[in-house]
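Below are the chains, spelled out letter by letter.
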Amino acid sequence: MAYAATVGTARVALVTLGCARNEVDSEELAGRLAAGGFQLVDDAQVADAVVVNTCGFIDAAKRESIDVLMDAGGRTPSGAHRAVVAVGCMAERYGEQLAAELPEADAVLGFDAYPDIAARLAAIVAGERPASHAPRDRRSLLPLTPVARQGAAGGHVPGHGPAGSHPLALGEATEVGVATLPRPGAAALHVEGHPWIRRRISSGPVASLKIASGCDRRCAFCAIPSFRGAFVSRPAADVVAEAAWLADQGVRELVLVSENSTSYGKDLADPRALERLLESLAVVDSIDRIRVSYLQPAELRPDLVATMLDLPVVADHFDLSFQHASPTLLRRMRRFGGSDAFLELIGRIRARSPRAGIRSNVIVGFPGEQPSDLEELRAFLAAAELDAVGVFGYSDEEGTEAAGLDGHLDEAEIRARVDDVAALVDEVMAQRAERRVGQAVEVLVEAVDGLVAEGRAEHQGPEDGSTSVRLPPELRGGVVPGAMLRARVVSSEGVDLHAVEVSVVRR
């Protein structure tokens, strides 16, 4: 079998599946691979190697990961074997099992392989076949007590970069602009002693930024903590430094991501750590909008809500993980809250900001879900009038408590319930969007086609609809991605809005 000859000429394509957290991890891999001499290419068909950053969240995501891995192989244009490497959550979670069932993959590597991914890939491209990753419960790698985790040797945490890498303390970082931070150059973020952290794969004005990884919650349906590990906050100075670098690369909106953003700081002995972080990020030059994702309703403190609403640069957009509304079923899920508590929280947010965007996900068909539980969920969704809702049908996940519960529903019943709830939320979301007609919105432009600019308003998350703005003729060619427009909504179509340009806030 013929292989590509040398790393200096080897081309690698990165394929990212799953959530925004995986996107950040892929950009870490891109930075490491580029620093190791690989040429990054977009087209897998011209690559000597394809690295697939897999998702291991739910059955559909796992099936997609397997399909992509199976399709990624073949021959390079020179006739050499194209190496296929699985990384990411599915590779970390299943490791040797995935390798045994998927011979199309030349290697299955876990998170701890990321620091020397370039050397490992070079060996794979040269024909070596490394031992497959042996999975382990990553929660056991860090101390049980959160405050003992900072600086502990607990395996590699993707997307975090070297702890304490930036010379500025958080207090100093709040006093400076991007011009006084180290200038990393256009290609990748470099920190002294670590010729990597991140290389942008996309060039748009929106980028995700990790603030933490892992989760200490024990939701009955979720396997993520077992392969992402215990919760650990990223040092604030590192987050601020990376935000400044992203701004220097043309990013205008930061989406703060983690498995549970409301837990940020629990291991830093600072209950207001997330508020302080937002205040620090708010003064980074050229960042026009900050969005906080993955908020747990039970942990959303009034002070945090107030900070998010009071800082102009932080979007009035709340990504709240409700999962259901029946208190009885939520306890069975090992979660807290219920319709009354959730509606009270939504009411407090909208009392301060009536136009705030609120999105969530719900699971339908969880074991033991009674018709009365489903009706309570339906009533809550109708009353809550959320801007965006993801509706998921329950499926067993290996190693979770829910897989062993009684009261499992058959797949046909789960599908029927999903269809019913999805139809309801489609109607509710469309009505919520329709009520925005006539309102003024600020739209961050992500694409321009002639006299139509496409982007998202403050209340619209990355996957929650878009706003198209009709530009006047005199602005043809004068508005580019990254511009901020103030516009007036004239119509809606589902969750999407159509608006006419009123003024350019920033070109």
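Calculation rules
- Residues numbered from 1 in each chain as written.
- Predicted model: local features only at pLDDT ≥ 70, side-chain atom pairs only at ≥ 80, totals over all residues.
- Heavy atoms only, no water.
- Helix = DSSP H or I, 4+ residues; strand = E, 2+ residues; numbered from the N terminus.
- Rg over C-alpha atoms; globule rule 2.2 N^0.38 Å.
- Buried < 20%, exposed > 50% of the residue type's maximum accessible area, 1.4 Å probe, protein only.
- Contact = heavy atoms within 4.5 Å.
- Areas by Shrake-Rupley, 256 points an atom, 1.4 Å probe, with all protein chains shown as cover.
- Lys, Arg positive; Asp, Glu negative; His and termini not counted.
- Charge placed at Lys NZ, Arg CZ, Asp CG, Glu CD.
- Polar contact = N/O pair within 3.5 Å; in protein donor to acceptor, adjacent residues only side chain to side chain.
- Pairing = 2+ DSSP bridges.
- Axes fitted to C-alpha atoms, helices over the stretch in contact; angles between N-to-C directions.
- Expected span 1.5 Å × (residues − 1).
- Arc of directions from axis to C-beta.
- Right-handed = clockwise from strand over helix to strand, strands pointing away.
- Parallel < 35°, antiparallel > 145°, perpendicular 65-115°, else oblique.
- Nonpolar A, V, L, I, M, F, W, Y, C, P; charged D, E, K, R; others polar.
- Left-handed = near helix turned anticlockwise from the far one by under 90°.
- Salt bridge = Lys/Arg side-chain N within 4 Å of Asp/Glu carboxyl O.
- Phe/Tyr/Trp six-rings, centres within 6.5 Å; stacked < 30°, edge-to-face > 60°.
- 1 Å grid on protein atoms, 1.4 Å probe; cavity = no way out; pocket = protein on both sides within 12 Å on 5 of 7 lines; lining within 4 Å.
- Points joined across faces, edges and corners; volume = space filled by probe spheres on them.

Participant: I'd love a proper account of the overall build of the protein, names of residues and values included.
Facilitator: The helix and strand tally for the protein stands at 14 helices and 20 strands. At 23 Å, the protein has a C-alpha radius of gyration in line with the 23 Å of a compact globule built from 507 residues. With the principal axes as the frame, the protein shows a C-alpha extent of 60 × 60 × 45 Å. Within the span of the protein, comprising 507 residues, buried residues form 54% of the whole. Counting only contacts in the protein whose residues sit at least 6 apart along the sequence, the fraction spanning at least 24 positions is 75%. Summed over its atoms, the accessible surface of the protein is roughly 20300 Å², and 52% of this surface lies on carbon and sulfur atoms. Of note, the protein has its 52 positive side-chain charges centred 3 Å away from the centre of its 72 negative side-chain charges.

Participant: Can you lay out the side chain of R335 for me, pointing to particular residues and giving the numbers?
Facilitator: Note that R335 resides in the loop between α11 (327–332) and α12 (339–352). There is a polar contact of 2.6 Å between the side chain of R335 and the backbone oxygen of S321. Each residue touching R335, except ones within four places of it in the same chain, is listed here: R217, C219, F221, Q296, P297, S321, F322, Q323 and L330.

Participant: A description of the sheet that holds strand β14 (residues 357–364) should follow, citing residues and the corresponding values.
Facilitator: The three strands are arranged β13-β14-β15 in an open sheet whose pairing can be described as parallel. Every interior strand has two partners, whereas the edge strands, β13 (317–319) and β15 (388–393), have only one. Here the strands of the sheet are splayed against their neighbours by 15° on average, with no regard to which way each runs. Both β13 and β14 contribute to a ladder of three bridges, which runs parallel. In the sheet register, D319 faces β14, and the bridge partner there is R359. Set on the sheet, helix α14 (residues 411–434) makes contact with β14 and β15; between it and β15 the angle comes to about 175°.

Participant: I'd like a description of helix α2 (residues 59–72), backed by residues and values.
Facilitator: For α2, with 14 residues, the first-to-last C-alpha span of 20 Å sits near the 20 Å given by 1.5 Å per residue. Looking only at α2, the buried set comprises A61, K62, S65, L69 and A72. One face of α2 carries all of its buried residues, which in axial projection span an arc of 100°. Those residues of α2 that are exposed and aimed more than 90 degrees away from the buried face are R63 and D71. Looking at the buried side of α2, the elements it contacts are β3 (49–54), β4 (83–87) and α3 (88–94). Where α2 ends, the next residue or the one after it, G74, has phi of about 120°, a positive value.

Participant: I'd like to hear about helix α5 (residues 117–125), residue by residue, with values.
Facilitator: Regarding α5, the residues found buried are I117, A118, L121, I124 and V125. Buried residues in α5, looked at end-on, bunch into an arc of 125°, giving them a common side. Tucked into the core, α5 has its buried residues touching β1 (11–16), α1 (20–35), β3, β4 and β5 (107–108). Immediately downstream of α5, the backbone of G127 shows phi near 115°, a positive value.

Participant: How would you summarise the pairing of β14 if you had to cite specific residues and measurements?
Facilitator: The side chains of a regular strand alternate, residue by residue, between the two faces of the sheet. Among the eight residues of β14, seven are classified as buried, and the element is accordingly described as predominantly covered. The pairing of β14 with β15 spans six bridges and is parallel. Within β15, the residue paired with R359 across the bridge is A388. Between β14 and its parallel partner β15, the chain crosses via helix α13 (residues 371–384), and the hand of that crossover is right-handed.

Participant: Kindly report on the packing of helix α9 (residues 273–281) against helix α10 (residues 302–310), identifying the contributing residues and their values.
Facilitator: Interaxial distance between α9 and α10 falls to 9 Å at its minimum, and their mutual angle equals 10°. Regarding the angle of α9 to α10, the classification is roughly parallel. Touching L274, E275 and L278 of α9 are D303, L304, T307 and M308, all from α10. Of the residues belonging to the contact of α9 with α10, the class tally is four nonpolar, one polar and two charged.

Participant: I'd like a rundown of the environment of E344, residues and numbers included.
Facilitator: As for its position among the elements, E344 is in helix α12. Distance from E344 to A282, taken between C-alpha atoms, is 28 Å for residues 62 residues apart in sequence.

Participant: So what's going on with the packing of α1 against α5? Which residues, and what values?
Facilitator: Running from N to C, α1 and α5 cross one another at 70°; their axes reach a closest spacing of 8 Å. One way to sum up the angle between α1 and α5 is to call them roughly perpendicular. Considering the relative orientation of α1 and α5, their crossing is right-handed. Contact residues: α1 offers L29, R32 and L33, while α5 offers I117, A118 and L121. Counted by class, the contact of α1 with α5 contains five nonpolar, no polar and one charged residues.

Participant: Can you break down unusual backbone geometry residue by residue, with the values?
Facilitator: Despite not being glycine, Q323 shows a phi value in the positive range, around 70°. Looking at the secondary structure, you find Q323 in the loop between β13 and α11.

Participant: How would you explain the pattern of salt bridges if you had to name every residue and give the values?
Facilitator: Enumeration over the complete set of coordinates arrives at 45 salt bridges. For the salt bridge of K62 with E397, the shortest nitrogen-to-oxygen distance reads 3.2 Å. Of this pair, K62 sits in helix α2 while E397 sits in the loop between β15 and α14, placing them 335 residues apart in sequence. The exposure class assigned to K62 is buried, which follows from its relative accessible area of 7%.

Participant: Tell me what's going on with the packing of aromatic side chains, and back it up with residues and numbers.
Facilitator: A full pass over the atoms with the stated rule returns five aromatic pairs. Between F322 and F380 the ring centres are 5.4 Å apart and the planes differ by 85°, which places this aromatic pair in the edge-to-face class. Note that F322 is positioned in the loop between β13 and α11 and F380 in helix α13, a separation of 58 residues in sequence. In terms of burial, F322 and F380 fall into one category: buried. Here a set of aromatic residues connected by ring pairs shows up, and it is made of F322, F342 and F380.

Participant: Give a detailed account of empty space enclosed by the protein, specifying residues and quantitative values.
Facilitator: Summed over all chains, the structure comprises four cavities of 30 Å³ or more. Approximately 80 Å³ is the volume found for the largest cavity. Lining the largest cavity are F111, R138, L142, G154, H156, V157, P158, R228, G229, A230 and V232. For the lining of the largest cavity, a count of residues per class yields six nonpolar, three polar and two charged. By volume, the second largest cavity is sized at about 70 Å³. Forming the walls of the second largest cavity are D387, A388, M429, R432, A433, R436, H459, Q460, D464 and V495. Among the elements that line the lining of the second largest cavity, the one with the most residues is α14, at three residues. Residues that form the lining of the second largest cavity fall into these classes: four nonpolar, two polar and four charged.

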